[in-house]
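Report on the structure
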Amino acid sequence: MTTHSPASAALFARALTVTPGGVNSPVRAFRSVGGTPRFMASGRGAWITDVDGKHYVDLVGSWGPMILGHSHPDVIAAVTDAVSRGLSFGTPGEGEVLLAEEIVRRVAPVEQVRLVSSGTEATMSAVRLARGFTKRTKVVKFAGCYHGHVDALLASAGSGVATLALPDSAGVPATTTADVIVVPYNDIAAVELAFSKYGDEIACVITEAAAANMGVVPPLPGFNKMLAEIAHRNGALLISDEVMTGFRLSRAGMYGLEAAGLDPVAQGWAPDLLTFGKVIGGGLPVGAFGGRADVMALLAPEGPVYQAGTLSGNPVATAAGLANLRGLNDTVYAHLNETANTVGRLVSDALYAAGVPNRLQRAGNLFSIFFTAEQVFNYDDAREQESFRYAAFFHSMLDAGIYLPPSAFEAWFVSAAHDDLALQQIADALPAAAAAAA
Ligand code: PLP
């Protein structure tokens, strides 16, 4: 592993003295791949530039929001305009109405939506609302799915929890997780069993619309629809977490793909609540949860379920999110799909050419590579991959100017700005990286 990044190294040394692990979110640290995290200074299109002036093709995209690419002129103009009028008022404003209307227009099951400031807040609030609506306490979640750092939902979570190989988080009282039933992803029989044991105590099932925090593990055909059926049969709600997939996989996220009939088994169903984040903030802090109007009506000030936020619906953040959403059209989605397909295939083929068994898994334009020849259906499968191979692969790509997620358990993100030049740079870097992984 080489480091020619003295400015990043110097900042990291300072960061380590004032911030735990030197980072403000664990997945940014290079814990599972080793080495010094690169401190980024700027980004434009598909490219980001670190404080040492080195350029990288970015396949992280701030973990999802930068779907149009960095510094997209429309997003920057919208933010600049909003900033010029003031930063926050703590009153309602036009921007939040426009963003809510845009979300409701695009995602059919969302009749009403409330804006928050992160995906974590969205899922936390959705679970509280489901509990308030059903007057029940238990929650079914899937091992390897990540729903933010909500106490109860950290049980067998993906993302950084998976990267750091933590079973759960310390600091979460057992009384909190006692109400969470963790079952394997893609396993309908396990969900049925949980309901047969605790049916009238279960408030909701929460699932990633397509699991993408243990690497990308798409739901089996009809899985999400069956979850809705089982939940409804038992008087519970289905929360579909589209923080990662929402507005990325299609105009209406993963739900849109399924409802459009790409998965014929999944037609004619709807989650009760959906959660969003990432893309709807355009790079600024926004989350949202929404769904059935009769459920949403329970939220304060209408109803008894309390939920609030000083910066919820912030005018600058909603302006960024709205511009981001408005930039997403059929042409962009087609480009994202094609780019994901091309990059995924290039990587998989290069690894095979170097004799490294691997599995490319996709949910729309989200994808990841598992270092295993077997198909990955759930968290146990994901953890069986030869993730030790990833560090050498990652650092070879990094040295060649390709910024990948610093963990074998994360999705890769393409943007509308990934062009032939970016793809060529990726293709050129792959043979050496694949050889390093062998
Ligand atoms: N839900 C999913 C599916 C996510 O991928 C994430 C973050 O990666 C979250 C929730 C939490 O969002 P945030 O990091 O904005 O709190």
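Residues numbered from 1 in each chain as written. Predicted model: local features only at pLDDT ≥ 70, side-chain atom pairs only at ≥ 80, totals over all residues. Heavy atoms only, no water.

This next bit is on the site of the ligand. All residues adjacent to the ligand are Ser-118, Gly-119, Thr-120, Tyr-146, His-147, Gly-148, Glu-208, Asn-213, Asp-241, Val-243, Met-244 and Lys-278. A distance of 3.0 Å is found between an oxygen atom of the ligand and a side-chain nitrogen or oxygen belonging to Asn-213. Here Asp-241 contributes a side-chain N or O atom positioned 2.7 Å from a nitrogen atom of the ligand. Protein coverage of the free-state accessible area of the ligand, which is 390 Å², stands at 82%. (Near = heavy atom within 4 Å. Polar contact = N/O pair within 3.5 Å; in protein donor to acceptor, adjacent residues only side chain to side chain. Areas by Shrake-Rupley, 256 points an atom, 1.4 Å probe, with all protein chains shown as cover.)

Right, let's get into the domain arrangement of the protein. Along its sequence, the protein is carved into domain 1 (6-71 + 329-437) and domain 2 (75-326). The C-alpha-based centres of domain 1 and domain 2 are spaced at 25 Å. Residue-level contacts link 33 residues of domain 1 with 37 residues of domain 2. Here domain 1 meets domain 2 over a buried area of about 2,800 Å², counting both sides, of which 63% is carbon and sulfur. The tally of links between domain 1 and domain 2 comes to zero salt bridges. Between domain 1 and domain 2 we count eleven residue pairs in polar contact (both at pLDDT 80 or more) in total. Breaking the side of domain 1 that touches domain 2 down by element, the ones donating at least two residues are helix 12 (330-353), strand 11 (359-363), strand 12 (366-370) and helix 13 (379-383). Element by element, the count of residues in the side of domain 1 that touches domain 2 is highest for strand 12, at four residues. (Domains from an automatic or database assignment. Contact = heavy atoms within 4.5 Å. Buried area = accessible area lost by both parts, 1.4 Å probe. Salt bridge = Lys/Arg side-chain N within 4 Å of Asp/Glu carboxyl O. Helix = DSSP H or I, 4+ residues; strand = E, 2+ residues; numbered from the N terminus.)

Relative to the helices and strands, Val-182 is located in strand 6 (residues 180-183). It is 14 Å that separates the C-alpha atoms of Val-182 and Ala-203, two residues lying 21 residues apart in sequence. Not counting the four nearest positions on each side in its chain, Val-182 is found in contact with Lys-141, Phe-142, Ala-143, Ala-155 and Ser-156.

Let us look at the packing of aromatic side chains. For the coordinates displayed, the defined rule picks out 14 aromatic pairs. For the pair Phe-142 and Tyr-185, a centre-to-centre distance of 5.7 Å together with 85 degrees between the ring planes defines the contact as edge-to-face. Here Phe-142 is found in strand 5 (residues 138-142), whereas its partner Tyr-185 is found in the loop between strand 6 and helix 7 (188-198), with 43 residues between them in sequence. Like Phe-142, the residue Tyr-185 is buried in the burial classification. Grouping aromatic residues by their ring pairs yields a cluster made of Phe-30, Phe-367, Phe-371, Tyr-390, Phe-393, Phe-394 and Trp-412. Taking NZ or CZ as reference, Lys-138 lies 5.2 Å from the ring centre of Tyr-198, over its face. (Phe/Tyr/Trp six-rings, centres within 6.5 Å; stacked < 30°, edge-to-face > 60°. Buried < 20%, exposed > 50% of the residue type's maximum accessible area, 1.4 Å probe, protein only. Lys NZ or Arg CZ within 6 Å of the ring centre and 35° of its normal.)

By size, the foremost hydrophobic cluster in this structure holds 113 residues, and its most contacted members are Ile-103, Phe-247 and Phe-393. Among the domains, domain 1 (6-71 + 329-437) and domain 2 (75-326) are the pair contributing at least three residues each to this core. With sequence-adjacent residues up to four places away left out, Phe-247 is seen in contact with Ile-67, Ile-103, Arg-106, Val-107, Gly-253, Phe-276, Val-279, Ile-280, Leu-325, Leu-328 and Tyr-333. Listed in part, the 20 residues of the second largest apolar core include Ala-122, Val-127, Val-295 and Met-296. (Core = buried A, V, L, I, M, F, W, Y, C linked by side-chain atoms within 4.5 Å.)

Before going further, it helps to examine the packing of helix 2 (residues 73-84) against helix 11 (residues 315-326). As a packed pair, helix 2 and helix 11 sit with axes 8 Å apart at the nearest point and diverge in direction by 155 degrees. Relative to helix 11, the element helix 2 lies roughly antiparallel. For helix 2 against helix 11, the interelement crossing comes out right-handed. Counting all contacts with helix 2, which are made through Asp-74, Val-75, Ala-78, Val-79, Ala-82 and Val-83, the residues of helix 11 involved are Pro-315, Val-316, Ala-319, Ala-320, Ala-323 and Asn-324. The class makeup of the residues in the contact of helix 2 with helix 11 is ten nonpolar, one polar and one charged. (Axes fitted to C-alpha atoms, helices over the stretch in contact; angles between N-to-C directions. Parallel < 35°, antiparallel > 145°, perpendicular 65-115°, else oblique. Left-handed = near helix turned anticlockwise from the far one by under 90°. Nonpolar A, V, L, I, M, F, W, Y, C, P; charged D, E, K, R; others polar.)

Here we take up helix 1 (residues 6-18). An ideal rise of 1.5 Å per residue puts 18 Å on 13 residues; helix 1 measures up with 19 Å between its terminal C-alpha atoms. Among all positions of helix 1, only Ser-8, Phe-12 and Ala-15 are buried. Down the axis of helix 1, the smallest arc covering the buried residues is 65 degrees, so these residues share one side. Those residues of helix 1 that are exposed and angled more than 90 degrees off the buried face are Pro-6, Arg-14, Thr-17 and Val-18. (Expected span 1.5 Å × (residues − 1). Arc of directions from axis to C-beta.)

The next point concerns the sheet that holds strand 2 (residues 47-50). Strand order in the open sheet formed by four strands is 1-2-3-13, with mixed pairing between adjacent strands. Of all strands in the sheet, those bounded by a partner on one side alone are strand 1 (40-44) and strand 13 (402-403). Summarising the sheet, strand 3 (residues 55-58) and strand 13 pair through two bridges and their orientation is parallel. Looking across to strand 13, one finds that Asp-58 is bridged to Tyr-403. (Pairing = 2+ DSSP bridges.)

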